[in-house]
Structure formats: structure tokens, C-alpha cells
Amino acid sequence: EEKNIDILLISRRRIIVIENKIYSHINGMKNKNESQLNRYFEYVNSDKKYKDLEKHFYLLIPEYSSIEKEFIINLKYGKEYMIVYYKNFYEILKYHQYLKSKNDDYQKFIFNEFRQNIKYLTWTRAQQVQYTSFIKLKQKIEFLKQDKID
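Description of the structure in this document. Remember, it's a predicted structure, so these values are computed and weren't measured experimentally. (Residues numbered from 1 in each chain as written. Predicted model: local features only at pLDDT ≥ 70, side-chain atom pairs only at ≥ 80, totals over all residues. Heavy atoms only, no water.)

## What about the pattern of salt bridges?
Definition in use: One side-chain nitrogen of Lys or Arg within 4 Å of one carboxyl oxygen of Asp or Glu is enough to make a salt bridge. The helix and strand labels rest on DSSP assignments: H or I over at least four residues marks a helix, E over at least two residues marks a strand, and numbering proceeds from the N terminus.
The tally for this structure, following the rule as stated, stands at four salt bridges. Across the pair Lys145 and Glu142 runs a salt bridge, and its minimum N-O distance is 3.7 Å. Taken together, the residues Lys145 and Glu142, both in helix H5 (residues 125–149) and three residues apart, mark about one turn of the helix.

## A word on the pairing of strand E1 (residues 7–10)
What counts is decided by this rule: Here the rule is simple: two strands pair whenever DSSP picks up at least two bridges between them.
In this sheet, strand E2 (residues 14–20) lies alongside E1 in antiparallel orientation, the contact comprising four bridges. Counterpart to Leu9 in the pairing with E2 is Ile16. Linking E1 back to E2 in an antiparallel pair, the connection comprises three residues.

## Here we look at the nonpolar core
Put simply, the rule reads: To define a nonpolar core, start from buried Ala, Val, Leu, Ile, Met, Phe, Trp, Tyr and Cys residues and group those joined through side-chain atoms within 4.5 Å. Throughout this description, buried means an accessible area under 20% of the type-specific maximum (1.4 Å probe, protein chains only), exposed means over 50%, and partly exposed covers the range between. Here, two residues are considered to be in contact whenever any of their heavy atoms come within 4.5 Å of each other.
Ranked by size, the top nonpolar core spans 20 residues in total, and within it Val44, Leu59 and Ile72 carry the most contacts. Elements that contribute at least two residues to this core include exactly E2, helix H1 (36–46), strand E3 (54–61) and strand E4 (81–85). With five residues, the top contributor of residues to this core is H1. Once residues within four sequence positions are removed from consideration, Val44 is found in contact with Ile5, Ile15, Val17, Tyr50, Lys55 and Phe57. If you look at the next biggest cluster of nonpolar residues, it comprises nine residues, including Ile18, Leu60, Leu93 and Ile118.

Encoded structure:
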């Protein structure tokens, strides 16, 4: 994290700022001119090391987020941010060519785990709670089975 930006991707030609919001709202709101999104936009556009880079700003949120597009647009630099839903992000990852590359098994494993975690964020809150409860129940049953064996 640089200047508290959740994800900052930098290449020779571009800089990509991604603010990741899962269960929270935009922080630092005092008025439409003061928010974390505005601070990130101003930082990237004022820092000399990024001055010649093409700049992109994204807000990554789940479908059930309480953040509304109209709210973001009304921020000072809100129109600079593109809202991307985890559902769309997951679709990109689902078809990513990474798995066909020559990367080692560990890298493929990490990528697949990352992709599965993003899939979880595409679900509704109710589905997430149900899944988490199922996993906890399954773990408890396994623990009790182990306890009987020992």
C-alpha cells in the first residue's frame, strides 16, 4: 500500500489505482471534496514520478455493496473512477490465460486460490454466510471425528 491505496499497479506506461471495498463505505468523507478517493486521485496526479503515466482509477465492489454510482459521481473526482463489480472481475480471472503459461505449480496454485476467493465475493451476503457456516460445521465434525479416534 502506498499512501493507503489498496492496490497500486505501475508499469512503464500506466498506473492503476484500485480501491477495494467489500463491507465498508468510502472513508474520510467530510464533504464531496474530501474522501479517500479524492486523496488518491490528487496524490497520483501530483506526484512527479507518475506525471508521464496514463492513469486509471477503479473502485472494486461486490454486487451487494451499499455504495451507489450516483454517490461516487458526486465526489470531486468521482467521475474519474470506474466501478467494477467482483462478478465482472471474476469473469476476467476465470478465463485468464495464466493457467496456460509456463509458470510453476506454486504460482498456478496461488492464482487459483486468489480466483476462488474472488468468486466468494461474487456471492450474495446470504450465500457467503451459508457457505461459511457450512465450512465451520464441516470442520467441527472433522474435529469431533479426530477426537473419537484419538
